[in-house]
2 protein chains.
Amino acid sequence: MQKSLKIAVVGSGLVGSLLAIYLKKAGHTVHVYDRSPDIRKIQFSGRSINLAMSHRGWKALDGVDVGDKVREIAIPMDKRAIHLKDKLNFQHYGKEGESIYSISRGTLNRKMIDLAEEAGAEFFFEQRIWDVSLAEATLHIGETERGEWKDVKYDMVFGADGAFSRIRHRMQRQSMFNYSQEFLNTGYKELNIPANADGLHKLDKNSFHIWPRGNYMLIALPNLDGSFTCTLFMPFEGENSFAALTDRKSVEDFFEKNFPDSIDVIPKLAEDFFKNPTSTLVTMKCFPWTFEDKVALIGDACHAIVPFYGQGMNAGFEDITVLYEMMQQFGDDWTTVFSEYQKSRKPNADAIAELSYRNFMEMSSNTADEKFLLQKKIEKRFSEKFPDKWLPLYSRVTFSHNPYSEALAIGDKQNEIMSKVMQLPEIEKIWDSEAVENRILDLLK
Amino acid sequence: MQKSLKIAVVGSGLVGSLLAIYLKKAGHTVHVYDRSPDIRKIQFSGRSINLAMSHRGWKALDGVDVGDKVREIAIPMDKRAIHLKDKLNFQHYGKEGESIYSISRGTLNRKMIDLAEEAGAEFFFEQRIWDVSLAEATLHIGETERGEWKDVKYDMVFGADGAFSRIRHRMQRQSMFNYSQEFLNTGYKELNIPANADGLHKLDKNSFHIWPRGNYMLIALPNLDGSFTCTLFMPFEGENSFAALTDRKSVEDFFEKNFPDSIDVIPKLAEDFFKNPTSTLVTMKCFPWTFEDKVALIGDACHAIVPFYGQGMNAGFEDITVLYEMMQQFGDDWTTVFSEYQKSRKPNADAIAELSYRNFMEMSSNTADEKFLLQKKIEKRFSEKFPDKWLPLYSRVTFSHNPYSEALAIGDKQNEIMSKVMQLPEIEKIWDSEAVENRILDLLK
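Chain A goes by Kynurenine 3-monooxygenase in an unreviewed UniProt entry, where it is assigned to Flavobacterium noncentrifugens. One UniProt comment on chain A, placed under Catalytic activity (unreviewed entry), says "L-kynurenine + NADPH + O2 + H(+) = 3-hydroxy-L-kynurenine + NADP(+) + H2O". Under the Cofactor (unreviewed entry) heading, UniProt states for chain A: "FAD".

Written out as structure tokens, the structure reads:
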């Protein structure tokens, strides 16, 4: 057990709440601050993408025995349901029994705050942190940025306050702080497929539904109440873009033409389209993540990524797993805990940022491509026969605890091999032959 | 002539002052703000690297007829003087008559402010701009960030306030604003070679002096008073680093061992070493650079680069040349002026950032490498014989007005060609043969 400290966690999101549970478990006093009202008491925002919990997320939850509570609100998805214009394909994510889990962000966040309160963390909502004095671990809180502030001193401050973190904002003004934020030209909008009258799901509930259309796509993830949370990803400008859909008719025509099988299941299409905001997607990187033994960033606050690998929350939760390992290893030497934590996590955060960025192409274009699906089938077959020689990239990211940086490097090598394999004459006919198998074994040498 | 506007320029540095002259010439009222005292009334900071004015800089100065005033304080350097441990090599920069010009930053800045005042711009020093309201082009000025502010409204605001621009800081908080800052692990420190008692330079005054030593280097640029401003570039940490030089003796031993011919000419070595700060080097990129027809960033405020190509000021001055072209083309349509300005400049700013970053290697390592110098000799010979077929990269950047992005692209192609040429057997012997010439002509096809 570490020496008990008074710790502030800024941000009551998923990472902030789970971190609070870990810190309580380690014997600290934990105050969690959020500038927003208590999410348990308000309607959600209409700008959410459902979460896809996978191995890394579950490990962090199970580490403080709250995994089973979360499993109660999760729906397993063992495959992609790929809605082409004229047919529906299915593509399994992993091996038999391997699934990712759809969870509504709002539902999970409420649950996590409940669990953190049960663990003894105290929450302070509608408290705006405008600044932090790094060397003194002191929060500056007030109604407005230019108004009066009160100062609250802690032994340590965690910034779990997301992509637009105020804690990081202060660190950013230090010399030698590397920082980048890059917005995609693609935005997103939440839509909804309600449950049937009998409460059942209108589409297969154990699938991640995807309508890949090149530079835009629609996805749908199941909720417990029989509904699906849908997300339309599309460029802001150009031919098929948010800018081009300016009225009810243009929206309805666009869906009719491009997502014909969605029309019957999204009854409030135009209404939701114009009610819900169009949100931006940003990749944010920075370094360092910590200041002495006083302040540490965690989750989106130090590595915000685009959502196309479903790893944003999982990566944030894995930060906590690694931080906790360092706490166990280095005890009260928080300077070392923090420096080893950031050293371990930074290359992995960069790798999952890169993988997530690339995965937009995979989801929105490649899943509609027969050749790509064949490649995945060959990989799967080979991996099942030689599990110690080939773990597909998606599985390594999603169904393993191997570092993301390793997944990126090995994935690139596998891709080189597969691009050679796919050039074999008549690969469509011989894909499951021993010749193909031997070629891969050769190339692996 | 455009409709006369009331324009604020934030930053009285080189770019801010020259921009003020251009805006006055175009008929506007111009107020220049700076948080620092009037540089004409204070000692300079001991953290400066001498400037190397080249074609792009002169063009911008000559565009408002102040080039000749600046030539009076500039010293031509037509070559590198490369101080190896056992000998001195010279390498000419360009063709006969082509030079870069050494100018002390302080001297130039004082001159530019004088010239801008003569042109009718008004300067307001020790005025701290903390924030700007973008849509209203209103500056918020006050003693402290949290204290009382007064608001001053303009028709338009230019942020010429450098790498840590407050104007950009506000734009950065807009959605869809891309931004990155990346610090080098190499820092720099100013040192000084004073004039001889007779006022003459201790080293050749028409050379850019460089002591290349791998991951660190010393440079010296001449001043009018017979002195040289020296800059030591070195990693912050590691074997040969600022961290390793902690007392007089370690500094003196280090220079004795690594820069033996500098010992006699830098009399106050240890004193200056510990008096002058160790400064950081940052590359900063962002986009967009403008907000509607109200606010525009210019110079380091939107593209801070490392100093290894000597193009920081030149690139900032070229921003002004391009902005002025757009003003002439689009008149009072400032929205178009601004959008065309940033569209034209952004790829070139990115290119010179990349070239400058790469040039540290060229200066600190390659100039000590015989093979590299031979390559440059071959390029020079070929370029003199076929001037329409080959303009060396350095010349394209320094002695031309071709876009930086073109220089980067063509430079990469030339490098590919030269790496093949350098692999020819016995290239050291046949370098000036027709065979080599023909090989280059072949590869250019």
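More follows now that the structure is in view.
*Asks:* When you look at empty space enclosed by the protein in this model, what are you seeing that I'm missing?
*Replies:* One way to see where empty space is left: roll a probe the size of a water molecule over the atoms. All names here are of chain B. Applying the stated criterion to the full structure yields three cavities of 30 Å³ or more. When its volume is computed, the largest cavity comes out at roughly 50 Å³. Lining the largest cavity are Ile378, Arg381, Phe382, Lys385, Trp431, Val436, Glu437 and Ile440. Within the residue set of the lining of the largest cavity, elements represented by two or more residues are helix H11 (370-385) and helix H15 (434-444). Of the residues that constitute the lining of the largest cavity, the class distribution is five nonpolar, no polar and three charged.

*Asks:* What is the right way to look at the packing of helix H13 (residues 404-421) of chain A against helix H15 (residues 434-444) of chain A in this model?
*Replies:* The relative placement of two packed helices is expressed as an angle between their axes plus a distance between the axes. All names here are of chain A. Close contact between H13 and H15 brings their axes to 10 Å; oriented N to C, the two are set at 140°. The orientation of H13 with respect to H15, classified from their angle, is oblique. At the point where H13 passes H15, the crossing takes the right-handed sense. Contacts between H13 and H15 involve Ile417, Met418, Lys420 and Val421 from the former and Val436, Arg439, Ile440, Leu443 and Leu444 from the latter. In the contact of H13 with H15, the residues fall into seven nonpolar, no polar and two charged.

*Asks:* Just checking my understanding: could you explain the side chain of B:Arg168 for this structure?
*Replies:* Residues and elements named next belong to chain B. Secondary-structure assignment places arginine 168 in helix H5 (residues 166-172). For arginine 168, which is buried and forms no salt bridge, the nearest opposite charge comes from aspartate 161, at a distance of 6.8 Å. One polar contact links arginine 168 to tyrosine 179, side chain to side chain, over a distance of 3.3 Å. Discounting residues that sit within four places of it in the chain, arginine 168 has contacts with Gly162, Ala163, Phe177, Tyr179, Met284, Cys286, Leu297, Asp300 and Ala301.

*Asks:* Mind showing me how you'd approach the domain arrangement of chain A here?
*Replies:* Accessible area lost when the parts come together is the quantity often used to give the size of an interface. Residue and element names in this part refer to chain A. Domain boundaries in chain A define domain 1 (6-75 + 101-181 + 283-359), domain 2 (186-275) and domain 3 (369-444). One C-alpha centre belongs to domain 1, the other to domain 2; they are set 30 Å apart. At the interface, 13 residues of domain 1 touch 14 residues of domain 2. Carbon and sulfur atoms supply 68% of the area that domain 1 and domain 2 bury against each other, a total of about 1100 Å² over both sides. Of all residues in domain 1, Ile49, Asn50 and Ile75 bury the most surface against domain 2, accounting for 48% of the area lost on that side. On the surface where domain 1 and domain 2 come into contact, there are zero salt bridges. Taken together, the residues that form the side of domain 1 that touches domain 2 break down as six nonpolar, five polar and two charged.

*Asks:* Can you help me understand the pattern of salt bridges in this one?
*Replies:* Opposite charge on two side chains permits pairing when their charged atoms draw close. All names here are of chain A. Scanning the model with the defined rule gives 61 salt bridges over all chains in all. Here arginine 71 and aspartate 62 are joined by a salt bridge, their closest N and O atoms 2.8 Å apart. Judged by relative accessible area, which is 34%, arginine 71 ranks as partly exposed. Since its relative accessible area comes to 33%, aspartate 62 is described here as partly exposed. Here arginine 80 and glutamate 362 are joined by a salt bridge, their closest N and O atoms 3.5 Å apart. Taken as a pair, arginine 80 in strand E5 (residues 79-83) and glutamate 362 in helix H10 (residues 334-364) lie far apart in primary sequence, 282 residues in all. Salt bridges here are not isolated pairs; linked through shared partners, they connect Asp38, Arg40, Lys41, Asp114 and Glu117.

*Asks:* Would you take a moment to explain the state of the cysteines for this structure?
*Replies:* Working definition of a disulfide: a covalent bond connecting the sulfur atoms of two cysteines. All names here are of chain B. Under the criterion given, the structure shown has zero disulfides over all chains. Cysteine cysteine 286 shares no disulfide, and the gap to the nearest cysteine sulfur, in cysteine 302, comes to 5.7 Å. Overall, the relative accessible area of 1% leaves cysteine 286 in the buried class.

*Asks:* Would you mind showing me how to read H15(A) here?
*Replies:* All names here are of chain A. If you check which residues of H15 are buried, you get Val436, Glu437 and Ile440. Buried residues of H15, viewed axially, fall in a sector of 105°; they line one side. For H15, the secondary structure elements touched by its buried residues are helix H11 (370-385), H13 and helix H14 (427-430).

*Asks:* Looking at this structure, I do not really get the sheet that holds strand E12 (residues 156-159) of chain A. What am I missing?
*Replies:* Paired through backbone hydrogen bonds, the strands of a sheet run either parallel or antiparallel to each other. Residue and element names in this part refer to chain A. Read across the sheet, six strands follow the order E8-E2-E1-E12-E20-E19 without closing on themselves; strand pairing throughout is mixed. The open sheet has two edge strands, strand E8 (122-124) and strand E19 (290-291), and neither has a second partner. For strand E1 (residues 6-10) and E12, the ladder comprises four bridges, and the chain directions are parallel. Across the sheet, the residue bridging to valine 10 is glycine 159, located in E12.

*Asks:* So what exactly am I meant to see when it comes to the sheet that holds strand E9 (residues 129-133) of chain B here?
*Replies:* Residue and element names in this part refer to chain B. Read across the open sheet, the three strands follow the order E9-E10-E11; overall the sheet is antiparallel. Two strands lie at the open edges of the sheet, namely E9 and strand E11 (149-153), each paired on one side alone. Averaged over all pairs of adjacent strands, the angle between their axes in this sheet comes to 25°, without regard to strand direction.

*Asks:* Would you mind going over the packing of aromatic side chains with me for this structure?
*Replies:* For any pair of aromatic rings, the description rests on two quantities: the centre-to-centre distance and the angle between the ring planes. Under the criterion given, the structure shown has 50 aromatic pairs over all chains. Between the aromatic rings of A:Tyr33 and A:Tyr154, the centroid separation amounts to 6.1 Å while the plane-to-plane angle is 80°, which identifies the pairing as edge-to-face. You can see A:Tyr33 sitting in strand E2 (residues 29-33) and its partner A:Tyr154 sitting in the loop between strand E11 (149-153) and E12, a full 121 residues away along the chain. Relative to B:Tyr324, the ring of B:Tyr22 lies with its centre 5.0 Å away and its plane at 70°, an arrangement referred to as edge-to-face.

Conventions and cut-offs
Residues numbered from 1 in each chain as written. Chains lettered and ligands numbered in written order. Predicted model: local features only at pLDDT ≥ 70, side-chain atom pairs only at ≥ 80, totals over all residues. Heavy atoms only, no water. UniProt positions renumbered as here; feature names shortened; annotations may be inferred. 1 Å grid on protein atoms, 1.4 Å probe; cavity = no way out; pocket = protein on both sides within 12 Å on 5 of 7 lines; lining within 4 Å. Points joined across faces, edges and corners; volume = space filled by probe spheres on them. Helix = DSSP H or I, 4+ residues; strand = E, 2+ residues; numbered from the N terminus. Nonpolar A, V, L, I, M, F, W, Y, C, P; charged D, E, K, R; others polar. Axes fitted to C-alpha atoms, helices over the stretch in contact; angles between N-to-C directions. Parallel < 35°, antiparallel > 145°, perpendicular 65-115°, else oblique. Left-handed = near helix turned anticlockwise from the far one by under 90°. Contact = heavy atoms within 4.5 Å. Buried < 20%, exposed > 50% of the residue type's maximum accessible area, 1.4 Å probe, protein only. Lys, Arg positive; Asp, Glu negative; His and termini not counted. Salt bridge = Lys/Arg side-chain N within 4 Å of Asp/Glu carboxyl O. Polar contact = N/O pair within 3.5 Å; in protein donor to acceptor, adjacent residues only side chain to side chain. Domains from an automatic or database assignment. Buried area = accessible area lost by both parts, 1.4 Å probe. Disulfide = S-S within 2.5 Å. Arc of directions from axis to C-beta. Pairing = 2+ DSSP bridges. Phe/Tyr/Trp six-rings, centres within 6.5 Å; stacked < 30°, edge-to-face > 60°.

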